[in-house]
Amino acid sequence: MARLDNASVVVTGAASGLGRAVVDRFTAEGASVVAFDRSQEKLDTLKAEIGESVVTVVGDVTRYEDNLRACEAAVDRRGKLDTFIGNAGLWDFNRSLAESDPQSLASGFDELFAVNVKGYLLGAKAALPALTASRGSIVFTLSNASFYPRGGCPLYVASKHAGVGLVRQLAYELAPDVRVNAVAPGGMATDLRGPGAMGLADTSIEDALPIRDVIRTFSALQLDIRPEDYVGSYVLLAAREESATATGTVIDISSVGTPGRSAAP
Ligand SMILES: NC(=O)c1ccc[n+]([C@@H]2O[C@H](COP(=O)([O-])OP(=O)(O)OC[C@H]3O[C@@H](n4cnc5c(N)ncnc54)[C@H](O)[C@@H]3O)[C@@H](O)[C@H]2O)c1
């Protein structure tokens, strides 16, 4: 038997990078997945490659109604929702306080926090009734930047630290019905973008940095890390029988655990 047989799951930011790797693994483990993303084009590719076991929903995680549509799609399909995975994110491309002009700092903050923090909060709110009914769980994607400096600059690092607060508070508020946990990966070569307000909407981490070299250099294990290397922790946290006692937990699998050495988001 697969580890997520008959599980009904929503994944945000599902069409690319880590989210896509989670969808691939969850469907292979028997889950029925609603893949929620703002990119229709990437969702079409995902649907064509995966087929039946995935339903796609195009929308914006900063809008409550769009999160709700994704959760309703899961309930319509399987009569329940077992796990909500908040994963969509933006990066700040290492724009430091000193080198940011005040206007882009202010508008970049609003846009980046709207995705990285408000998106998770609204997703949790939209999923809550169905998760309470199923005694399900929430898993958020955090980062080495949730614990250490240099995984970005103030906007990104503060947003990922805020994610730890969300996990702890929601785990407290939603117990005993809903478990709330997170996975903190380190750097990956993905299509991760930045806020349009900072002129970074069309900039991808993979194009902007020699990210593979950075990861290998700063990983304690000196590995060529791919998104799929991180997905086992999501399976563990989503599989109720394997992590029944875990709530308020952040699994730090970034392998950049030395403060000051972190150099990717
Ligand atoms: N790439 C890294 O080095 C790295 C390291 C640690 C943590 N992370 C985290 O991993 C998560 C996934 O990022 P990734 O690297 O796979 O990037 P990615 O850009 O490849 O994937 C993110 C997906 O989120 C979608 N998205 C962005 N804004 C959205 C919105 N408002 N509404 C709906 N969808 C939206 C994008 O279209 C994209 O498909 C993020 O939370 C990121 O902070 C990334």
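Residues numbered from 1 in each chain as written. Predicted model: local features only at pLDDT ≥ 70, side-chain atom pairs only at ≥ 80, totals over all residues. Heavy atoms only, no water.

Draft legend 1. Layout of the confidence of the model for the protein. When pLDDT is averaged along the protein, the result is 94, and 97% of the positions lie at 70 or above. Below a pLDDT of 50 lies the segment residues 257-263, which in the model reaches 16 contacts outside its immediate sequence neighbourhood of four places, other chains included. (pLDDT = per-residue confidence, 0-100. Contact = heavy atoms within 4.5 Å.)

Draft legend 2. How the structure looks around the packing of helix 4 (residues 102-134) against helix 5 (residues 154-174). Where helix 4 contacts helix 5, the two axes come as close as 10 Å, and the packing angle between them is 20°. Overall, the two elements helix 4 and helix 5 adopt an arrangement that is roughly parallel. In the packing of helix 4 onto helix 5, the handedness of the crossing is right-handed. Residue-level contacts link Leu-105, Gly-108, Phe-109, Leu-112, Phe-113, Asn-116, Val-117, Tyr-120, Leu-121, Ala-124 and Leu-128 of helix 4 to Leu-155, Tyr-156, Ala-158, Ser-159, Lys-160, Ala-162, Leu-166, Leu-170 and Leu-174 of helix 5. Class assignment for the residues of the contact of helix 4 with helix 5 results in 16 nonpolar, three polar and one charged. (Axes fitted to C-alpha atoms, helices over the stretch in contact; angles between N-to-C directions. Helix = DSSP H or I, 4+ residues; strand = E, 2+ residues; numbered from the N terminus. Parallel < 35°, antiparallel > 145°, perpendicular 65-115°, else oblique. Left-handed = near helix turned anticlockwise from the far one by under 90°. Nonpolar A, V, L, I, M, F, W, Y, C, P; charged D, E, K, R; others polar.)

Draft legend 3. Geometry of the nonpolar core. Judged by nonpolar contacts, the single largest core of 79 residues is most densely connected at Phe-26, Ile-138 and Phe-140. By residue number, the principal contributor to this core is helix 4, which donates ten residues. (Core = buried A, V, L, I, M, F, W, Y, C linked by side-chain atoms within 4.5 Å. Buried < 20%, exposed > 50% of the residue type's maximum accessible area, 1.4 Å probe, protein only.)

Draft legend 4. Seen up close, the pattern of salt bridges. Per the stated rule, a full pass over the model turns up 17 salt bridges. Here Arg-240 and Asp-82 are joined by a salt bridge, their closest N and O atoms 3.9 Å apart. With Arg-240 in the loop between helix 8 (232-238) and strand 7 (250-252) and Asp-82 in the loop between helix 3 (64-78) and strand 4 (83-86), the pair connects residues that are 158 residues apart, well separated along the chain. Residues Arg-226 and Glu-228 are paired through a salt bridge, measuring 3.6 Å at the closest nitrogen-oxygen approach. (Salt bridge = Lys/Arg side-chain N within 4 Å of Asp/Glu carboxyl O.)

Draft legend 5. Up close: the pairing of strand 4. Burial along strand 4 is two-sided: the face carrying Thr-83 and Ile-85 and the face carrying Phe-84 and Gly-86 are both buried. Alignment of strand 1 (residues 8-12) against strand 4, held across three bridges, turns out to be parallel. Looking across to strand 4, one finds that Val-10 is bridged to Phe-84. Of the strand pairs in this sheet, strand 4 and strand 5 (residues 137-141) are connected by four bridges, and their pairing is parallel. Following the sheet pairing, Thr-83 is matched in strand 5 by Ser-137. (Pairing = 2+ DSSP bridges.)

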